[in-house]
Structures are given as C-alpha cells and as structure tokens.
Amino acid sequence: MTQYVYRFGGGVSDGKGLSKELLGGKGANLDGMASIGLPVPPGFTISTPMCTRYYEEGEKFPPELNAEVASGIAHIEGVTGKKFGDASDPLLVSVRSGARVSMPGMMDTVLNLGLNDATVVGLATVSGDARFAWDSYRRFVQMYADVVLGLDHGAFEEALEIAKEDKGYYLDTEMESEDWQALVAKYLALVEELWGKPFPQDVHDQLWGAVGAVFGSWQSERAKVYRRINSIPHDWGTAVNVQAMVFGNMGDTSATGVAFTRDPATGERAYYGEYLINAQGEDVVAGIRTPQYLTTAARERAKAKPLSMQESMPVVYAELAKVFDLLEAHYRDMQDIEFTVERGKLWMLQTRSGKRTAKAALKIAVDMAAEGLITKDEAVMRVDPSALDQLLHPTLDPKAKRDVIVKGLPASPGAASGIAVFDSDTAEKRADKGQSVILVRTETSPEDIHGMHAAKGILTARGGMTSHAAVVARGMGRPCVSGAGSLSIDAAAKVARVGSREIREGDMLTLDGSTGEVMAGEVATIQPELSGDFGTLMVWADGSRRMKVRANAETPADAKVARDFGAEGIGLCRTEHMFFDAGRITAVREMILAEDEKGRRVALAKLLPEQRADFVGLFEVMAGLPVTIRLLDPPLHEFMPHAEADFEDVAKATGLTVDMLKRRAAELHEFNPMLGHRGCRLGVTYPEIYEMQARAIFEAACDLAVSPIPEVMVPLVATKRELELMKAVIDRTAEAVFAERGKRIDYLVGTMIELPRAALKAGEIAEVGAFFSFGTNDLTQTTLGVSRDDAARFLGVYVDQGIYERDPFVSLDIDGVGELVQIAADRGRATRPDIKLGICGEHGGDPASIAFCEKVGLDYVSASPYRVPIARLAAAQAALATG
Ligand code: PEP
Ligand code: MG
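Keep in mind that this is a model prediction, so the values were computed, not measured.

**Student:** Any chance you could explain the overall build of the protein here in plain terms?
**Tutor:** On a plain count of helices and strands, the protein comes out with 36 helices and 34 strands. Referenced to the eigenvectors of the C-alpha coordinate spread, the extents of the protein come out at roughly 105 × 60 × 55 Å. Counting over 883 residues, the protein shows a buried share of 55%. A separation threshold of at least 6 residues defines the contact pool for the protein, and within that pool the share at least 24 residues apart is 68%. Accessible surface computed for the protein: about 36000 Å², of which carbon and sulfur atoms make up 52%. Charged side chains of the protein number 96 positive and 124 negative; the gap between the two group centres comes to 4 Å.

**Student:** Just checking my understanding: could you explain the coordination of the magnesium ion (ligand 2) for this structure?
**Tutor:** Ideal values differ by geometry: the angle at a metal is 109.5 degrees with four tetrahedral donors, but 90 or 180 degrees with six octahedral donors. For the magnesium ion (ligand 2), the full set of protein donor atoms is E754 (OE) and D778 (OD), at a range of 2.0 to 2.2 Å. Remark: D778 occurs in helix α32 (residues 776–784) and E754 occurs in the loop between β31 (748–753) and α30 (756–760); sequence separation between them is 24 residues. Of the two residues examined, E754 and D778, each falls in the buried class.

**Student:** Got a minute to help me understand the environment of T395 in this structure?
**Tutor:** With respect to the helices, strands and loops of the structure, T395 is situated in strand β14 (residues 395–396). Looking at T395, the relative accessible area reads 26%, which means it is partly exposed. When the C-alpha positions of T395 and G414 are compared, they lie 5.6 Å apart, and in sequence the two are 19 residues distant. For T395, the residues in contact, after removing those within four places along its chain, are Q390, A415, T525 and I526.

**Student:** Explain a nonpolar patch on the surface here, please?
**Tutor:** On the surface, F794, V797, Y798 and I803 cluster together to form a nonpolar patch covering roughly 350 Å² of accessible area. Examined against the element boundaries, F794 turns out to sit in helix α33 (residues 792–800). On the basis of relative accessible area, F794 is assigned to the partly exposed category, the value being 34%.

**Student:** What should I look at first to understand the sheet that holds strand β34 (residues 860–863) in this one?
**Tutor:** Hydrogen bonds between backbone atoms are what pair the strands of a sheet, whose relative direction is either parallel or antiparallel. Read once around its circumference, the closed barrel built from eight strands follows the order β27-β28-β29-β30-β31-β32-β33-β34, with strand pairing classed as parallel. Within the sheet, the average angular offset between the axes of one strand and its neighbour, ignoring direction, is 25°. As judged from the three bridges shared by strand β28 (residues 570–574) and strand β29 (residues 626–630), these two strands associate in the parallel manner. If you follow C573 over to β29, its bridge partner there is I629.

**Student:** Please clarify how the site of ligand 1 should be interpreted in this entry.
**Tutor:** As a matter of local geometry, ligand 1 sits amid 13 residues, with R574, G775, N777, D778 and R788 nearest to it. The contact in question runs from an oxygen atom of ligand 1 to an N or O atom on the side chain of R574, over 2.7 Å. Contact between ligand 1 and G775: an oxygen atom at 3.3 Å from a main-chain N or O atom of the residue. Compared with its free state, where it exposes 280 Å², ligand 1 has 95% of that area covered by protein. Secondary-structure elements contributing two or more residues to the shell around ligand 1 are β28 and α32. In terms of residue count, α32 provides more of the shell around ligand 1 than any other element does, three residues in total. For the shell around ligand 1, the residue count by class is three nonpolar, four polar and six charged.

**Student:** Can you help me understand the domain arrangement of the protein in this one?
**Tutor:** Buried accessible area, meaning the area lost when the parts come together, often serves as the stated size of an interface. Along its sequence, the protein is carved into domain 1 (255–356), domain 2 (393–526) and domain 3 (545–881). For domain 1 and domain 3, the distance between their C-alpha centroids amounts to 55 Å.

**Student:** For this particular structure, what's the right way to read the packing of helix α6 (residues 153–167) against helix α7 (residues 177–195)?
**Tutor:** The angle between the axes and the distance between the axes are what describe a pair of packed helices. Between α6 and α7, the least distance of the axes is 10 Å, while the angle of their chain directions is 150°. On the basis of the axis angle, α6 is roughly antiparallel to α7. Judged by the sense of rotation from one axis to the other, the crossing of α6 with α7 is right-handed. On α7, the residues that touch A155, F156, A159, L160, A163 and K167 of α6 are D179, W180, L183, Y187, L190, V191 and L194.

**Student:** Just to check I follow, could you spell out helix α26 (residues 658–668) for this structure?
**Tutor:** An α-helical turn contains 3.6 residues, so a residue and the one three or four places further along point in the same direction. Along α26, the residues that are buried comprise L661, R664, A665 and L668. The buried residues of α26 occupy an angular sector of 100° when projected down its axis, which confines them to one face. Turned more than 90 degrees away from the buried face of α26, the exposed residues are D659, R663, A666 and E667. Where the residues of α26 are buried, they touch α23 (585–593) and α25 (644–654).

**Student:** Would you mind showing me how to read the sheet that holds strand β9 (residues 255–260) here?
**Tutor:** Strand order in the open sheet formed by five strands is β11-β10-β9-β12-β13, and the pairing between neighbours is antiparallel. Pairing within the sheet leaves two strands with one partner each, and these edge strands are β11 (292–293) and β13 (345–353). Across the face of the sheet, helix α13 (residues 314–331) comes into contact with β9, β12 (335–342) and β13 while running at roughly 30° to β13.

**Student:** Would you explain the packing of aromatic side chains in this entry?
**Tutor:** The description of an aromatic ring pair uses the distance of the two centres, along with the angle that the planes make with each other. Tallied over the full model, the rule gives 21 aromatic pairs. Ring geometry for Y54 versus F61: centroids 4.9 Å apart, planes at 40°, classification tilted. On the accessibility criterion, Y54 (7% relative accessible area) is buried. On the accessibility criterion, F61 (24% relative accessible area) is partly exposed. One residue, K197, lies across the ring of W195, its end atom 4.6 Å from the ring centre. Above the ring of Y860, the side-chain terminus of R550 is found at 3.9 Å from the ring centroid.

**Student:** Help me out: how do you make sense of the environment of D507 in this one?
**Tutor:** Secondary-structure assignment places D507 in the loop between β23 (501–504) and β24 (508–512). Residue class for D507 comes out partly exposed when judged on its relative accessible area of 31%. Remark: the alpha-carbon pair of D507 and G521, spanning 14 residues in sequence, is separated by 7.5 Å. Look past the residues within four positions of D507 in its chain and what remains in contact with it is G418, I419, A420 and E502. Polar contacts involving the side chain of D507 include one to the main-chain amide nitrogen of R504, which spans 2.7 Å.

**Student:** Would you explain the nonpolar core in this entry?
**Tutor:** For soluble globular proteins, the rule of thumb is that nonpolar side chains tend to be buried together. Membership of the largest hydrophobic core comes to 132 residues, with the highest contact counts inside it found for L388, F615, F619 and F698. Residue contributions to this core peak at ten residues, all from helix α28 (residues 687–703). When sequence neighbours within four positions are dropped, the list of residues in contact with F619 reads V627, I629, I697, A700, A701, L704, P708 and P710. Counting 70 residues, the second largest nonpolar core, distinct from the first, contains L92, V110, A133 and I232.

**Student:** How should the environment of G775 be read in this particular structure?
**Tutor:** Following the sequence through the fold, G775 ends up in the loop between β32 (771–774) and α32. For G775, a relative accessible area of 3% puts it in the buried group. As a C-alpha pair, G775 and M578 span 197 residues in sequence and 19 Å in three-dimensional space. Leave out the neighbours within four places in its chain, and G775 touches M752, I753, E754, C840 and G841.

**Student:** Where do I start with the state of the cysteines in this structure?
**Tutor:** Here, disulfide denotes a covalent bond that connects the sulfur atoms of two cysteines. Summed over the entire model, instances satisfying the criterion amount to zero disulfides. Take C680: it sits in no disulfide, and the sulfur closest to it among the cysteines is that of C840, at 15 Å. No disulfide involves C702; its sulfur sits 18 Å from the nearest other cysteine sulfur, which is in C573. The exposure class of C702 is buried, given its relative accessible area of 6%.

**Student:** Looking at this structure, how should I read the pattern of salt bridges?
**Tutor:** When their charged atoms lie close together, side chains carrying opposite charge are able to pair. In total, this model carries 64 salt bridges according to the counting rule given. Across the pair E502 and R497 runs a salt bridge, and its minimum N-O distance is 3.3 Å. Close ionic contact of E735 with R744 constitutes a salt bridge, the shortest N to O distance being 2.7 Å. The exposure class assigned to E735 is partly exposed, which follows from its relative accessible area of 39%. In this structure, a network of salt bridges that share partners links the residues E576, R630, D633, R678, D778 and R788.

**Student:** Whenever I open this one, the pairing of strand β22 (residues 495–498) confuses me. Can you help?
**Tutor:** Two faces, one strand: in a regular strand the side chains alternate between the faces of the sheet. Relative to β22, strand β21 (residues 488–490) runs antiparallel, the two being bridged by three bridges. When the sheet's bridge partners are listed, I489 is paired in β22 with A496. Counted along the chain from β21 to the antiparallel partner β22, the turn is four residues long, and its residue K494 has a positive phi close to 55°. What sits between β22 and β23 in their antiparallel hairpin is a turn of two residues, with G499 showing a positive phi close to 55°.

Rules of the game
Residues numbered from 1 in each chain as written. Chains lettered and ligands numbered in written order. Predicted model: local features only at pLDDT ≥ 70, side-chain atom pairs only at ≥ 80, totals over all residues. Heavy atoms only, no water. Helix = DSSP H or I, 4+ residues; strand = E, 2+ residues; numbered from the N terminus. Buried < 20%, exposed > 50% of the residue type's maximum accessible area, 1.4 Å probe, protein only. Contact = heavy atoms within 4.5 Å. Areas by Shrake-Rupley, 256 points an atom, 1.4 Å probe, with all protein chains shown as cover. Lys, Arg positive; Asp, Glu negative; His and termini not counted. Charge placed at Lys NZ, Arg CZ, Asp CG, Glu CD. Donors = N, O, S within 2.8 Å, 3.2 Å for Na, K, Ca; no water. Patch = residues over 30% accessible without salt bridge, like charges linked within 9 Å, V, L, I, M, F, W, Y side chains within 5 Å. Salt bridge = Lys/Arg side-chain N within 4 Å of Asp/Glu carboxyl O. Pairing = 2+ DSSP bridges. Axes fitted to C-alpha atoms, helices over the stretch in contact; angles between N-to-C directions. Near = heavy atom within 4 Å. Polar contact = N/O pair within 3.5 Å; in protein donor to acceptor, adjacent residues only side chain to side chain. Nonpolar A, V, L, I, M, F, W, Y, C, P; charged D, E, K, R; others polar. Domains from an automatic or database assignment. Parallel < 35°, antiparallel > 145°, perpendicular 65-115°, else oblique. Left-handed = near helix turned anticlockwise from the far one by under 90°. Arc of directions from axis to C-beta. Phe/Tyr/Trp six-rings, centres within 6.5 Å; stacked < 30°, edge-to-face > 60°. Lys NZ or Arg CZ within 6 Å of the ring centre and 35° of its normal. Core = buried A, V, L, I, M, F, W, Y, C linked by side-chain atoms within 4.5 Å. Disulfide = S-S within 2.5 Å.

Spelled out as structure tokens, the structure:
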C-alpha cells in the first residue's frame, strides 16, 4: 500500500533522504532537521501524491488515510506527552501547506488547532496564563473561519474593533483574559450565524477540515496565477504538515525570530537576523513591532539600543549558533531559518536555502568552496549567470524614491540619468558639452549610432528585444528601455507624452534598463564593483567550459571591453555599423545613388581605406583570435537621408538635386525591408560591394604583424548557389590581395544560418561554407513569422497566455527554432564533419539558450561584450550539467 504519512521529530525521521517532490520543500527540510537531531516540534507530513489523489477522488480523502493520520497524531502525542482533545492538557497543532517549491503567501495555514470550549480551560491551567489561552482560542476561531469555512473575515475584524472600542483600548495587547473570552463567545456566535452550523468542537473534525482546506488552497485563484507566472506545473500538488504548536508568546523567556546563516546582502560569513521577545511568528513578519538584532555586532553597527538575542538570551543564542553551523554543514548552502523559543527552549520551525543578492551569491559560492564545504564545480553551478548583470552595470539605489512615468521592455541592463533629447545630433552636441543625455526616439535606426554612443541611456516607444535600439545598446553597454508603447513622441516639437505627463527636451530622466522603468528626475545609482570573487569564479567556470565564448563587436573599443571580459574572439562584426560613421556616410550614399557599377566602384574606392582601417583596429585588439566579419546586410534605403535638412546636405555633397534624391529614396523604399533587398541579395546584385569589403579585410590582415584569423561571413543565405557566388567573389579577391602583398594568410568563408530554408538545406550549403553561425534573431523572425521590430505590441500577451514561455527573441524557442538549429547542425556535420558551428543572435548571451547550444554541440556562442561573463558562466554550467 502506498504510504502517505511521514512522521518526524522526537528521534523519528520517516522521510529521511526522501525528496521534496514527495514531501514538499517544508516537509523535506523539517524531516532533514529532525534526522540530524535538531530540536524540531514533532509532527508528520501528508505527501504531495495525496493532494493529487484528493482531487482525483472528487475532493475526498481515501479511507486508508484515517489510520495513517491517527498514527501521526499518536506520534506527536507520544513525544509531547499531551493528548489531542484532552481537556486537561491539550495538544495543539499547526496545519501548513508545503509545495515542492516555496509559494510564499499563496496557500493556507491554520494555527492553534485543537482548541475548543473545553481544551481552552485546560490550556489556561497548564500554561498558567488564561489571557494567552483565550487569545489563542480567538486567533484559532478567526483563522479557521476564514481559511477552512470560507467566512468573511471582515466580520471578525469588526467584532474585535468593537470589543476594543467598548473598553476604550487602542491595542490588542491591552485586551485582558475576560475580554478575549467575551470575544470568543461573539466569534462562535458569528460562525453559527454565517455558516449555519456551530463551530466544530471535535478536534478531529477540525483537523480534517484544515487538511482539506490546505489541499483546496492549491487550486485557489491566487495559487493558480502564481504558478502560471512562475512556470510551476499545476499537477505537482502540495503536501500538508501537521506539527505540535510551540509558542514564542509565553512571556519574557519566549521569543520568535528569523535568521540567515550568512549575510544575504553581502555574503559575509556572519549570522544575520532578527528576533522579538514574547511574540508569535506573524508579529515579526507583519512588522507591528520592530524586531531586535540577533547578534551584538549587528546591533552595535546599527547603533541600536534594544539588546541583541546574544545579550538577552545568551544560552539559547549559543545553541542557535550551533544549529546554524550544523544546518550549513548538512545542506551545504546558506540557510534561511525560522525559530521559536518557548520558555527558554529552542525550537526550529523551518529551514530553506536563502535568497541572496548576486554579490552575496558570488561570495558565498567562492567562500564555501574555499572552506571545503562544496566543490569548485558546485560553486560554479550555484551562481545564476543572469544575476551577474547586476554586478556588471550600475544599478539604481534601492533606497531612492522612484517617480515612474512609463514602463517599457528591459532591453539593455543598467541604470542612467540624463536630460531628454529627441534627436541624435542634439545628443552628440549636448554630450560634447559635458551633459548627460538620454536619447528619446520613436525607434532608432543605424543613423542614430552617434547619438546612441553619446547618450547615457536610450528610450524608444517602439521595438522589441532584438530591435535595432536594443541590440546596439547592449553591444555598447548602454541602458535601454524599448517598446514603451504608451509614450507618444513628437520629435519635431521635442516633446513626449504619456497620459497627462510631458517630457520636454532638457527634462531630467532616469532609465532602469533592467526593469524597463522610466522615471522623472535623477535617481541615485550605485556603481558596480567587481570583486576578486568574480575573477575567481570565472577562472573556475572556464576550467569546466567546452564551448568558446566570443563577442559581437564592431569597434576596437567594444572589442577591448569584450576581451577584458574574457571573449575568445569576435563572433559577429556587423560591418554596416562601420558605414554609418559621420565621415563616410556621404561616400556610402554616393555608392547607393550611383547609376551603374562604374559609379559604385568610384564611391567604393573612397570607402576602401576607411574600411581597411576599421579592420586593422579590430584585428589589433583581437590579435591571434578568430574574427568573424559579416559582409553588408541591411537594405540600402536605411542609409538614405530621412530629414529635409539631410536631403539638402546630401544634395550639396553629391551634386544631385533634392528632387532627384527623393525620387531615388522612394525607389529604394521597401514595404518589408526585413524580407527585402538585404543580406547576400545585395552581394548577388552588386558584387562590387562585397568585393570592396573582402579587399579591406585581406589587406588589413596582410598588413599586420600578428595575423588574425578572418572568418568572412555571408548573411541571409537561403541557397547553396548564393553562397557559391559570394565565395567566388571573396576567394578571387583574396588571391588578388595575396598576389599584391606577396603574402598569404589563412581565412575561412562561411555563412549565417538565419532562414528556415538554409537550415533545411544545410547539408548542401556545407559543401561550400566552412562554418555556420546561427543568426537566431532573423531565424526566429522568419520561423515564427513575427517581425523583430513590431513584436513588442503583442508578445507580452503571448507570454502571459503561455503561448511562448518567454519572449522568443530573448530566449530561444527551443521547440521550433531550436529544431531548425539541430537539423542544420546535423546536416552540416554530415557533409563536413569538422564544420565550425556558432551562434551570434542575441540568444548567444541567454543562459537557457546557451544550455541548448551545448546540447547541440556548437563550438562557440557569441554575445554582446557585457554579456560575455554571463555566457562564460552559463556555458560552464551547461557543460557541467551535460556531464
Ligand atoms: C541574427 O539575425 O541573429 C543576427 C545576428 O544578425 P542581425 O541581428 O544583424 O540581423
Ligand atoms: Mg540577421
């Protein structure tokens, strides 16, 4: 027969070594504490499969549970020497929920169960405290009526208020024993009136009612919502823990408290916590009274007067300190603990792994490995890679006030304040004068690069997580909030509006790129500090990592940041970003406006030395490492002027009329440029563009003493033929340069896989390309049929509805896009076993996607410079997890 009840305490531990899946988190840890001899009030756990069964049987208990629960109660009675329902010395129990993972405040609890009209008198006698006994009874009736009987708790609170008013009292603590007794009578009458039946006096009825209520709370609306938000399966069910009550409110030798075995904010190895004398657990949580410090050191640091527990209860404190050490040794992690002292006796009520800041996580992991408590590999597994973001960027001071105007997507982490400006030229001008600016745009285009570079932060009304603004901002390490849809921007009038509020040029704004919040005024920030622990953990991570980590970077400055963060090469250099430099945009436009190949070649000749200098800069920083350079990708119309003034400037520079320019711009205009004349389609139609870029690459490589390993990458390939044509251009150019320079260098030609057809035909494409780099931004866009730039309008709802678990532009859609990646990798390797495989879409910096890349066996991931440490840690964890 299946066992459903597991006893613990008093030397018993039925659930020893059993899982949280079976016993729930709370039950497993209560049993764990009992098994190492810690003082846990005796009790028993009804396992999670019973919750499932309870629902299967139409919210009824199977008959065989009776005997098991009876043996559980007998166990508690045996250990405490009290009897359940005994009028002279009654046993009281708590009934609490406990799912596999903590769902704070979502499910129900009943305390002081076992009190009735007879046992309350016995409790008053044995405790010698009638006030305490009647107060406990009224708390119980109130809680039971609310949680189990589902009666309106407002009626009970009102009765309490009236009782206090009648007496002229202000606080509950002023109520005397008789007052509580009178209130209990009122409460019992209220139950009968509202429920239609008298309050259950039979303690066993009380118990079954409470157990049913805890199981019932698993399906409460709030619990369901919580599970949906936190991706907790609905079929897990909860366990129920029934445990002898202990009381921290039995006078001045009693207390209750919460503690951490190490400081959860800094990670420092020092006990950290609070306690309250003569109080129940809820009093600490509810904040009605200000708790006192646990340790004297903490009290002195805070210059607080009330005695620490170390001072007021030295003997119990010493015992508690021992318990902390035993718990850390047992669980091998920092613990978050609840305890109660009943008349000088310490009881442990709960323990679990404590939540902590990123900084503390790092310090605790490294310290524990140094202490020999965990291995280095375990330390690597302990730190959430995404939490490193907190350490790499400035963050808002949590104590500072925030006046949030609007919320958008958290597109690039970090926090920044500055004055609002509405165009990139102004951003640059103001920044040159030493002002901090926030660039506010409806959306950004490559033309905004200089403004984005000058700005401390970027805010856009449109665009998702892989929109231009988001990608570029992450690369530059600038905080960015994108897709703030309720913001309407009138750039010409230099004003943005949200509801009745206005942001004008010069107004101070603060962005939190980690939450998506936009605030009025300047909010204080905290600068990141990278501790020695960070470096230590990274070295350990690198020791376990299989995949290489590269960076997406175009400029020597970004490449330098990436290298300092440990990048092992460039995985994606988007050459179009180099075309936008103020000094060369005119030549680029001349090239686009040229009527024929001859005209284009004249313009390209002007660009060649500039582009070559770009690569020299990049290759120098990345000396000896692979550098993947992607040939021009975006549609040409992106380079054309938009504003009237720009048309006039270009007209002057090119000798064309404004009208001619506008006609040409209209010709280049595309309705869906993302699927238009871009990527290798540019190279197929105008091979001289790729030829110039290839020449710049090879000349730069030949001119340097330390030769890099250029990997020339062709974007947006769908067919083998496209790559063949482009490879021919590249190889021909390479040979020409080598002949001119009298020197050869090694290089590779490969392709991005960013179209479904390319993934499917990867076997053929690998006959030509020596490497694949998965461009999962475009591959997501084209597989899902969802535009990267417009997705923000509806993707939030899609995630809320569980259609996609996470934004598929942030975390790879493993089921769909992932299958294409797997197919392409398999077919590519079948043709060319040593094919080099990498990923350079934004997913290359996302830990869940990196774990998938490890499974597929990619050779490297490439992420924006500030995400390189995150990728290093995530890649190490993925390797350790796959074994
Ligand atoms: C991609 O599509 O994933 C990619 C890296 O290229 P881009 O973002 O420049 O289109
Ligand atoms: Mg792409």
